[in-house]
Amino acid sequence: LKPKDSSEFDQNLNFLKNKLAPDNLIRVLDRTSDLNSAVRIFKWASRQKSFHHTSNTYFRIILKLGMAGKVLEMRDFCEYMVKDRCPGAEEALVALVHTFVGHHRIKEAIVVLVNMNLGGYRPPIEVFNVLLGALVGGESRDFQSALFVYKEMVKACVLPTVDILNYLLEVLFATNRNELALHQFRRMNNKGCDPNSKTFEILVKGLIESGQVDEAATVLEQMLKHKCQPDLGFYTCIIPLFCRENKVEEAVKLFKMMKDSDFVPDSFIYEVLVRCFCNNLQLDSAVSLINEMIEIGMPPKHNVLVDMMNCFCELGKINEAIMFLEDTQVHETAPFNTLLEGCCNAGEVLAANVLLETMSERNIADCQSWNILIRWLCEEMLILKMPLKCFTICL
């Protein structure tokens, strides 16, 4: 193909005719904007009897083609590079994989990997690690490509690490191949790998998200028997999942383990546990956790207090709920409105009146507050019995 800028091509060629050396060729390749010109210059240099390409010159042309998405063309140069067996080729190929992955050029990185294997080079484990990490960590979760890379690793007789197997488990769960994932997990010891915290995180999360909650609880027990110490990421990921599924026992066990391991739970962990307790009407546990949050300087947000009020009301503990709001010095409107609605639903009209007056005095009553009480009185045909003071305050 004729280059777009013939003058640039001719200038570069004239320069190299007098000063052909690997470093000069690299400079020319780097400053040549037209890809076809760069390829022609590289091939011209290949034909010069006194010149031999280095791993660096190959690196530059392969990188240039790969970054332009010219996969077929760069594959050819990978093959030439491998056949030339020039010093430093293996290191250059490894660097190409890392560079392409860093620029989200996964297809190009795989082409380099394949040519390494075909050329008899044994790619280091970090090459497979970075490639699988990119394939599994992306939005597409490309199972076929991940499996292909894993097979290339087997072909190269490179033993997997636990990180590699974790990536494999992750992509299997992401593509709904749960049984295959569990099978791979059971065979980890055969491959010389012990499951770690991330392994169990992937397993438990994958099973819960697939609706296999009981199986996830069983895997958790396996982890405890295995004496695998969970890391902070495990707790942060798994406790909310068990709470979402109302698996209180498992969530509480992990929460206690988390604190025993000197990890400090954040407000999100506390909040999901409080919500879980409230959903299961375990009021005393919820109150205890709220008090713990206040003691460590982590006041609960209004949505958590709303859950608390719903729990109090569902258990018919209106007076206790009022005392709770007083003791915890709540000043947000939402929890009071929830309790106000609970009072009405329980037929505690006097308690509702007193609560609304208290809210008005503290300037935390809003339109919804009044609407809750007025709507209930209207529905119960008690509007005429509503104290005049309430209307006066409302106006």
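Scoring rules and cut-offs
Residues numbered from 1 in each chain as written. Predicted model: local features only at pLDDT ≥ 70, side-chain atom pairs only at ≥ 80, totals over all residues. Heavy atoms only, no water. Helix = DSSP H or I, 4+ residues; strand = E, 2+ residues; numbered from the N terminus. pLDDT = per-residue confidence, 0-100. Contact = heavy atoms within 4.5 Å. Disulfide = S-S within 2.5 Å. Buried < 20%, exposed > 50% of the residue type's maximum accessible area, 1.4 Å probe, protein only. Expected span 1.5 Å × (residues − 1). Arc of directions from axis to C-beta. Salt bridge = Lys/Arg side-chain N within 4 Å of Asp/Glu carboxyl O.

**Digging into the environment of glutamate 380**
- Within the secondary structure, glutamate 380 sits in the loop between helix 22 (367-379) and helix 23 (388-394).
- Here the alpha-carbon distance between glutamate 380 and glycine 347, two residues 33 residues apart in the chain, equals 9.4 Å.

**With respect to the confidence of the model for the protein**
- Counting all residues, the mean pLDDT for the protein is 89, and 94% of those residues have values of 70 or more.
- Segment residues 391-395 is flagged for pLDDT under 50; beyond a separation of four residues in sequence, or across chains, it makes six contacts in the model.

**What to know about the state of the cysteines**
- According to the stated counting rule, one finds zero disulfides in the structure shown.
- Left without a disulfide partner, cysteine 243 is nearest to the cysteine sulfur of cysteine 276, which lies 4.3 Å away.
- Exposure remark for cysteine 243: the relative accessible area of 5% places this residue in the buried category.
- Cysteine cysteine 278 remains unbridged, with the sulfur of cysteine 311 as its closest cysteine sulfur at 4.5 Å.
- For cysteine 278, a relative accessible area of 5% corresponds to the buried category.

**A look at helix 13 (residues 213-225)**
- When the terminal C-alpha atoms of helix 13 are compared, their 19 Å separation across 13 residues agrees well with the 18 Å that a helix rising 1.5 Å per residue should span.
- For helix 13, the full list of buried residues reads Val213, Ala216, Ala217, Val219, Leu220 and Met223. Relative to the axis of helix 13, the buried residues are bounded by an arc of 160° and lie together on one face. Turned more than 90 degrees off the buried face of helix 13, the exposed positions are Asp214 and Lys225.
- Contacts from the buried residues of helix 13 go to helix 12 (197-209), helix 14 (232-244) and helix 15 (248-260).
- A positive backbone phi angle near 60° is found at lysine 227, which sits one or two residues after helix 13.

**Here we look at unusual backbone geometry**
- In the Ramachandran plot, aspartate 262 falls in the positive-phi region, its phi being about 70° despite a non-glycine side chain.
- Along the chain, the position of aspartate 262 falls in the loop between helix 15 and helix 16 (267-279).
- Taking the relative accessible area as the measure of exposure, aspartate 262 reaches 69% and is therefore exposed.
- Of note, glutamine 329 is a non-glycine position whose phi angle comes to about 50°, a positive value.

**Observations concerning the pattern of salt bridges**
- Counted by the stated rule, this structure contains eleven salt bridges.
- Here lysine 247 makes a salt bridge to aspartate 214, at a shortest N to O gap of 3.1 Å. Here aspartate 214 lies in helix 13 and lysine 247 lies in the loop between helix 14 and helix 15, a separation of 33 residues in the sequence.
- When its relative accessible area of 22% is taken as the criterion, lysine 247 is described as partly exposed.

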